[in-house]
Each structure stands twice: as C-alpha cells, then as structure tokens.
Amino acid sequence: MSFPTHRARRLRQNANWRRMVSETSLSVDDLVYPLFIMHGEHLRTEVPSMPGVFQLSIDEAVREARAVHEDGIPAIILFGIPESKDAVGSEGYDPEGIIPKAIRAIKMEVPELLVWADVCMCEYTDHGHCGLLTDSGEVDNDSTLELLVQESLVYAEAGADAVAPSDMMDGRIGAIREALDESGFKKTVIVSYAAKYSSAFYGPFRDAAYSAPAFGDRRAYQMDPPNSDEALREVAEDLEEGADIVMVKPAGPYLDIIRRVREAFEVPTAAYQVSGEYSLIKAGAAKGWIDEKRVAMESLLGIKRAGAGIIITYFARDLARWLRES
Ligand code: PBG
C-alpha cells in the first residue's frame, strides 16, 4: 500500500476522524497523586522547587484526599516528613509516626480512596540513605529488610491499601509479602518500585522530603541508568517474590523500559513521573517557553503509550481538571 492509493492524511482530516482512530487516551482512572505529609495543624507549605505541590499537615491532607477523590482519581501515595530523624529511621516504623496517623485519618474520612504508602528509610534517617549503615558507611541489605518489614506492617495495620517499597534492597518484596500474610494482611497490595534508577530527576523530591543523602549517592542500591536487561531481571524477581504491581521510575527518560516490562510480563505496570520531570515542565512554563498543559499532557500520553497502565504524577489533579475541561 503506497501513495497515492494510500493517504495517511485521510484519517487525520478532522477531529472526529482523529478521535475514532486514536490509539491511546488519558484517564483519571490511571492516576495516583503523591502527598507529602508533615506534623502540625493547618499547614500547607509550597515546595519551592515544585510549584503547586505542598507539604501538608494531616488535617490539610484529609481535605486534599477528599478533593482527589472528588476529582475521580482512585489513589494517593503518601510520603512522610518526620518530627526528627535518627540513624535507624525510627519514625518510619513507629505506629504513632506521621504516616500511620495520616493513613488512619484519611481512611476514616475518605474510605473509598485507595491509600498507598511509600516504604523507605531515607525520609526518616539522619544520613538520608534508604537503609541501615554499616561502620564503613554502606547500606546493609539484610538488616534493612527487617525495618522495611516493620514499616510495611505498621502501614498495613493503619489501613493502607497498598505498600510501595522504594528502597531497592534485594529480597524486600518476598520478606514483606511473607510478613504481611503471616499477620493477616493478605489483601494488602504490594506495589514494587521494581526498576528504580539512580536518577538526577529526584532532586526536587529530596527538597520536599528533606531526604537527600548526607554523603555519597544511591548508586550502590538503585539501578544504573545505562541498564535495560537488568530492569527485566529486577521485575521478574519482584513478581516471583509476590509484587502485585511493578513500577518503572523515572518515567519520561525510561519509556523504553516501560515498554519492555509491559511486553515481557503483561502485568499491571506503573510508571512514576518524578519530581524533576514535573519541575522542568513547571519551570519552562513559568518562563513562557512552553505550554504547560499541552506539554504535561503529551508527556503523560507518552508514558501511557509506552505501556504504563498506572501513572504516579504530580499533575494528577491538573490532568483531572484538563480532562474535565475538554
Ligand atoms: C524514596 C523515594 C524517592 C522518590 C520516591 N520515593 C527519592 C529517592 O529515591 O531519592 C522520588 C520521587 C520523585 O522524585 O518524585 N526512596
């Protein structure tokens, strides 16, 4: 089939033809909205490097959760900002810590909304690494697993619908699944940050959660950006260990990974459009150099087209509004 018999432009000639042959569409059904939770009351502090994103006290987070639910978005994911940090990240697995309190409050007021809890140590450790340190300053895998298990149990107990380990320790999914099942949390979903890269795109998040490593970087536990086959091994392992949903993170620079994972496993695949991806679009728009709505929607469409059925994005509420408007 070639020109002039075939003319690709025939099916592009007006909006109705384009709509009929459209292969991908964005929907609020796919979205997860991240919230940063802090201690205090009536607090709503904008993150300087993430315009439109706020650190919220629990009462404000409950209000936000209600609005997210009214937008038709099915889920939120929570990140905690503790009162104080220590070497072993105590507040991360304290049943009276910021996240269990927030989960209880949100599930009480907006029970239908799915609450995912990010499971990691870096927000709670004073050194900012995602686990326990050895004397030589390395993150120790196996002792960290015990804390991640504790943290997951505490969040499940508080009522989280899903726990989402983002630490990249080996064996965490199996350890968490086993502990959840033994404690009667058979229905708690595990969303694994399976292919999480050691990325410069997390910069603004670390401002929001005060979780930048105090020394060094995360390259000894998060994935190396040049690698792709390794992502498939990570995903295979997490599925084997009991992950219900696997995630690729960041999204935009790793669309090829999303596509490979989706094709190789045909399981629910999530992608995280991370803080840096968001902030770059916001900054470009603030300069007047790009159209925020169109660029954000095109980025999200690319993530969806690559194969992500679930997208975690700071644009979730904006997208819900944009979809309503159109
Ligand atoms: C915790 C965690 C991070 C993000 C999600 N969970 C930061 C990191 O690994 O340093 C990043 C999210 C974002 O950039 O929006 N480990």
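The structure displayed is predicted, hence computed values, not measured ones. (Residues numbered from 1 in each chain as written. Predicted model: local features only at pLDDT ≥ 70, side-chain atom pairs only at ≥ 80, totals over all residues. Heavy atoms only, no water.)

1. Re the site of the ligand
Stage number 1. The ligand sits among 18 residues. The nearest are Lys-196, Arg-206, Lys-249, Ser-275 and Tyr-314.
Stage number 2. Within the complex, the protein chains bury 100% of what would otherwise be the 400 Å² of accessible surface of the ligand.
Stage number 3. For the shell around the ligand, the secondary structure elements donating two or more residues are strand S7 (189-196) and helix H6 (203-208).
Stage number 4. Partitioned by chemical class, the residues of the shell around the ligand number nine nonpolar, three polar and six charged. (Near = heavy atom within 4 Å. Areas by Shrake-Rupley, 256 points an atom, 1.4 Å probe, with all protein chains shown as cover. Helix = DSSP H or I, 4+ residues; strand = E, 2+ residues; numbered from the N terminus. Nonpolar A, V, L, I, M, F, W, Y, C, P; charged D, E, K, R; others polar.)

2. Quick look at the pattern of salt bridges
Stage number 1. Applying the stated criterion across every chain yields a total of 21 salt bridges.
Stage number 2. Ionic pairing is found between Arg-219 and Asp-217, a salt bridge with its closest N-O pair at 3.0 Å.
Stage number 3. Residue Arg-219 is classed as exposed on the basis of its relative accessible area of 59%.
Stage number 4. What makes Asp-217 partly exposed here is its relative accessible area of 36%.
Stage number 5. Counted as one network, the salt bridges with shared partners bring together Arg-44, Glu-60, Arg-63, Glu-64, Asp-71, Arg-317 and Arg-324. (Salt bridge = Lys/Arg side-chain N within 4 Å of Asp/Glu carboxyl O. Buried < 20%, exposed > 50% of the residue type's maximum accessible area, 1.4 Å probe, protein only.)

3. Side note on a positive patch on the surface
Stage number 1. Together, Arg-7, Arg-9, Arg-10 and Arg-12 give the surface a local cluster of positive charge.
Stage number 2. By secondary structure assignment, the location of Arg-10 is in the segment before helix H1 (15-21). (Patch = residues over 30% accessible without salt bridge, like charges linked within 9 Å, V, L, I, M, F, W, Y side chains within 5 Å. Lys, Arg positive; Asp, Glu negative; His and termini not counted. Charge placed at Lys NZ, Arg CZ, Asp CG, Glu CD.)

4. Examining the packing of helix H10 (residues 292-306) against helix H11 (residues 316-325)
Stage number 1. Here H10 crosses H11 at 105 degrees, and the two axes come no closer than 11 Å. The orientation of H10 with respect to H11, classified from their angle, is roughly perpendicular. Here Glu-292, Lys-293, Ala-296, Met-297 and Leu-300 of H10 lie close against H11, whose contacting residues are Asp-318, Leu-319, Trp-322, Leu-323 and Glu-325. (Axes fitted to C-alpha atoms, helices over the stretch in contact; angles between N-to-C directions. Parallel < 35°, antiparallel > 145°, perpendicular 65-115°, else oblique. Contact = heavy atoms within 4.5 Å.)

5. Brief notes about the side chain of Ser-57
Stage number 1. As for its position among the elements, Ser-57 is in strand S3 (residues 50-57).
Stage number 2. Looking at Ser-57, its side chain comes within polar contact range of the main-chain nitrogen of Leu-43, at 2.9 Å.
Stage number 3. Setting aside chain neighbours within four positions, we find Ser-57 in contact with Met-38, His-39, Gly-40, Glu-41, His-42 and Leu-43. (Polar contact = N/O pair within 3.5 Å; in protein donor to acceptor, adjacent residues only side chain to side chain.)

6. Quick look at the nonpolar core
Stage number 1. Among the nonpolar cores identified, the biggest contains 110 residues, and Ile-76, Leu-78, Trp-116 and Tyr-155 are the most heavily contacted of them.
Stage number 2. Examining the composition of this core, we find that nine residues originate from one element, helix H4 (residues 141-158), more than from any other.
Stage number 3. Filtering out sequence-adjacent residues up to four positions away, Ile-76 remains in contact with Val-32, Tyr-33, Leu-35, Ala-65, Val-68, Ile-106, Leu-113, Leu-114, Val-115 and Trp-116. (Core = buried A, V, L, I, M, F, W, Y, C linked by side-chain atoms within 4.5 Å.)

It is worth stressing that arrangement in space is one thing and function is another; only the former is reported here.
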